Amino acid sequence: MEALHVYDTTLRDGAQQEGLNLSVSDKLAIAGLLDDLGVDFIEGGWPGANPKDTEFFERAGKELHLRRATLAAFGATRRVGGVAADDPLVQALVDSGASVVCLVAKSHTGHVERALRTTLEENLEMVRDTVSHLVGEGRRVFLDCEHFFDGWHLDRDYALSVVRTAHDAGAEVVVLCDTNGGMLPHQVEEVVSDVIAATGARIGAHCHNDTGCAAANSVAAVRAGATHVQGTVNGYGERTGNADLVTVAANLRFKLGLDAMEADSFRRAKHIAHAISEVTNVPAYSRQPYVGASAFAHKAGLHASALKVDPDLYQHMDPALVGNGMRTLVSDMAGRASIELKAREAGLDLSDRPDVVASVLAEVKDLELRGWTFDAADATVELMLREALEPGCTHYFEVESWRVITDSSGEGDATSEATVKLRADGSRLIATGEGNGPVNALDHALREALSRAYPEIEKIELIDFKVRILDASHGTDAVTRVLIETSDGESSWDTIGVAGSILAASWRALTDGIVHGLLRQGVPRR
Ligand SMILES: [Zn+2]
């Protein structure tokens, strides 16, 4: 069997996703990350048809230093009635400098006759002419057969003749596309097996997720003999998206034992998938298979006690293989075992401190009744544990008071100014801060004051802020829950605050975020 191709189309098909807009620099950054991930091919876009993509290939030649991956240019077969050698769009593929060209062609008779408005014979000629011209120009050619599965069901002989024509003209791989995404795994398996038996061509699969089966369909194609899979990172793509390439490759490697990407590079998979979502500005999906933040998170107290004995009892694989980690969610369902596991995750040994486990558990349960939630606030739980183990160890400063004033000119725009008074390092620290909102102003004032006692705070910054107003369910007033993510540039942590006012809740989450950052750096209390 040929080595499996893992072919990424995030920059072309993935970029079709609603709301996703990539600059050329974004595309270059993503290409670098894809190379780190260990994919074999990176489809950069459609040079000639799209000026941004033409620029991408120009800059890629100078700026991208790919370690492992090969860049591919996407394009279409020549125009109806023309000649490939004279077609400017075909020439643009050659000019892109990419050594691999992936051509899209029609293989569904309805699309040839009604969308392309030409004869079935001319469509085959377009495939033959364009593939052989590009092979003659020294390019490796892959052919994407659009709507192949639907076309095969409508007119199998014609669909097969497109595959044969491309194969005979020198295409290295013929990729069967489920363009409308309507297939199920058993159908993909049937069609792929039939095409391989009937044509002997090397076959690939390009699946969309409209039935929720894109990853399953890609795996089914490989089981039926396909040796090339296409997909996108994080499953980006129009409608319901493309096959999630990391899910597909991880299934092939860890479940079927196939040689898809390097085992070593999978250890960076979670990090890379998340880094790409930073570039695309599409929030990472926490329940994503393998790389999601919740992919190996356990909540039930019952599970947690068994997890302590043997984590493998409750997870399908070692999360470290894909760069993820097991997490125990501390919640009202959690028992003592969850607290002990949480402590172990933070590097604290509570084995001979049942008193600490009991007091933190009681505190967690009490706070949860009042609207706190610790599923996404690991750092707050860690501070509670540390404080219970060594009272005073989280007291980096004393708060004397804080206040915020917000002014508006009446035109809708408002600015805020905060004043913070603290005590640390034997002195009284007073600072003011301005911001476009009250929390932003408080954050600035807090940092300004603390930086005099703790210059280490420089590295610590607030990176995400989420607010939720909780219902007044028991006849009490509504409370506000604030979750804050803080980073030191290398890692990040989450803290929570719950209070009657958004500012009081934010203050708690902000100060905990900073205290956790100082503790992490091993900064002594002053
Ligand atoms: Zn597609």
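Keep in mind it's a predicted model, so treat the numbers as computed, not measured. (Residues numbered from 1 in each chain as written. Predicted model: local features only at pLDDT ≥ 70, side-chain atom pairs only at ≥ 80, totals over all residues. Heavy atoms only, no water.)

> How do you make sense of the sheet that holds strand β16 (residues 492-499) when you look at a structure like this?
Backbone-to-backbone hydrogen bonds pair the strands of a sheet. The strands run either parallel or antiparallel. Here we have 3 strands laid out as an open sheet, ordered β14-β15-β16, and antiparallel in their pairing. Bordering the open sheet on either side are β14 (461-470) and β16, each of which pairs with just one other strand. Mean inter-strand twist for the sheet, computed between neighbouring axes without regard to direction, equals 15°. Sheet topology places strand β15 (residues 479-487) next to β16; 8 bridges connect them, and they run antiparallel. When the bridges of β16 are listed, Ser487 appears paired with Ser492. (Pairing = 2+ DSSP bridges. Helix = DSSP H or I, 4+ residues; strand = E, 2+ residues; numbered from the N terminus. Axes fitted to C-alpha atoms, helices over the stretch in contact; angles between N-to-C directions.)

> Would you take a moment to explain the layout of surface pockets for this structure?
Rolling a probe over the atoms, with the probe sized like a water molecule, indicates the empty space that remains. Roughly 1,800 Å³ of volume is contained in the largest pocket. The wall of the largest pocket is formed by 43 residues, among which His274, Ala293, Glu485, Ser492 and Asp494 lie closest to the centre. Of all the secondary-structure elements, those providing two or more residues to the lining of the largest pocket are α12 (269-280), α14 (336-345), α16 (378-389), β14, β15, β16 and α18 (502-520). With 6 residues, the top contributor of residues to the lining of the largest pocket is α12. The space that makes up the second largest pocket amounts to roughly 410 Å³. Broken down by element, the residue count for the lining of the second largest pocket peaks at 3 residues, all from helix α9 (residues 214-223). Within the lining of the second largest pocket, the residues separate by chemical class into 10 nonpolar, 12 polar and 2 charged. (1 Å grid on protein atoms, 1.4 Å probe; cavity = no way out; pocket = protein on both sides within 12 Å on 5 of 7 lines; lining within 4 Å. Points joined across faces, edges and corners; volume = space filled by probe spheres on them. Nonpolar A, V, L, I, M, F, W, Y, C, P; charged D, E, K, R; others polar.)

> Before we go on, may I ask you to explain the packing of α14 against α16 in this structure?
Helix-helix packing is described using two parameters, namely the angle between the two axes and the distance between the axes. Following both chains from N to C, one finds α14 and α16 inclined at 95°, their axes separated by 10 Å at the closest point. It follows that α14 is roughly perpendicular to α16 by the angle criterion. Contacts from Ile339, Lys342 and Ala343 in α14 reach Asp378, Val381 and Leu385 in α16. Along the lines of polarity and charge, the residues of the contact of α14 with α16 split into 4 nonpolar, no polar and 2 charged. (Parallel < 35°, antiparallel > 145°, perpendicular 65-115°, else oblique. Contact = heavy atoms within 4.5 Å.)

> Help me understand the sheet that holds strand β11 (residues 398-408), please; the structure alone is not making it clear to me.
Here we have 3 strands laid out as an open sheet, ordered β11-β12-β13, and antiparallel in their pairing. The sheet terminates laterally at β11 and β13 (427-435), the two strands that pair on one side only. Strand after strand, the sheet turns through a mean of 10° between neighbouring axes, direction not considered. Two elements, β11 and strand β12 (residues 414-424), share 10 bridges in a ladder whose sense is antiparallel. The residue bridging Glu398 from the neighbouring strand is Arg423, located in β12. This element, helix α17 (residues 438-451), spans β11, β12 and β13 of the sheet and lies at about 145° to β13. Contacts between α18 and the sheet are confined to β11 and β12, with β11 contributing the most and set at about 130° to the helix.

> Help me out: how do you make sense of the environment of Ala214 in this one?
As for its placement among the helices and strands, Ala214 is situated in helix α9. Between the C-alpha atoms of Ala214 and Thr240, which are 26 residues apart in sequence, the distance is 9.6 Å.

> Please explain the side chain of Asp87 as it appears in this structure.
Locating Asp87 in the fold gives a position in the loop between β3 (70-76) and α3 (88-95). With near-sequence residues (within four places) excluded, Asp87 lies in contact with Arg78 and Arg79.

> Explain the coordination of the zinc ion here, please?
Around a metal, the ideal angle is 109.5 degrees if four donors adopt a tetrahedral arrangement and 90 or 180 degrees if six donors adopt an octahedral arrangement. At the metal site, the zinc ion is ligated by Asp13 (OD), His206 (NE2) and His208 (NE2), and these contacts range over 2.0 to 2.1 Å. When the donor residues of the zinc ion are listed from N- to C-terminus, their spacing reads D-x192-H-x1-H. Of this pair, Asp13 sits in the loop between β1 (5-8) and α1 (24-37) while His208 sits in the loop between β7 (203-207) and α9, and the two are 195 residues apart along the sequence. With relative accessibility at 6%, the residue Asp13 sits in the buried group. (Donors = N, O, S within 2.8 Å, 3.2 Å for Na, K, Ca; no water. Buried < 20%, exposed > 50% of the residue type's maximum accessible area, 1.4 Å probe, protein only.)

> Explanation requested: the pattern of salt bridges in the structure shown.
A side chain of one charge can pair with a side chain of the opposite charge if their charged atoms are brought near each other. Under the counting rule described, the total for this entry stands at 31 salt bridges. With its nearest N and O atoms 2.8 Å apart, the salt bridge here joins Glu43 to Arg12. Highlighted residues: Glu43 in strand β2 (residues 41-45) and Arg12 in the loop between β1 and α1, separated in sequence by 31 residues. Side by side, Glu43 and Arg12 carry an identical accessibility label, which is buried. Connected through salt bridges with shared partners, the residues Asp40, Arg67, Arg68 and Glu262 form a single ionic network. (Salt bridge = Lys/Arg side-chain N within 4 Å of Asp/Glu carboxyl O.)

> Explain the environment of Ala250 here, please?
On the secondary structure map, Ala250 appears in helix α10 (residues 245-255). As for Ala250 and Ala92, which are separated by 158 residues in sequence, their C-alpha atoms are 35 Å apart. For Ala250, the residues in contact, after removing those within four places along its chain, are Lys255, Phe266 and Tyr290.

> I would appreciate a short explanation of the packing of aromatic side chains in the present structure.
Each aromatic ring pair is characterised by the separation of its centres together with the angle its planes make. A complete count under the given rule lists 9 aromatic pairs for this structure. Relative to Phe142, the ring of Phe41 has its centre 5.2 Å away and its plane inclined at 85°; by these criteria the two rings are edge-to-face. Taken together, the residues span a long stretch of sequence, with Phe41 in strand β2 and Phe142 in strand β5 (residues 140-146) at a distance of 101 residues. Each member of the aromatic cluster is reached from another via a ring pair, and the members are Tyr7, Phe41 and Phe142. One Lys or Arg, Arg12, reaches over the ring of Phe74 and ends 3.7 Å from the middle of that ring. If you follow Lys27 out to its NZ or CZ, it ends over the ring of Phe56, 5.6 Å from the centre. (Phe/Tyr/Trp six-rings, centres within 6.5 Å; stacked < 30°, edge-to-face > 60°. Lys NZ or Arg CZ within 6 Å of the ring centre and 35° of its normal.)

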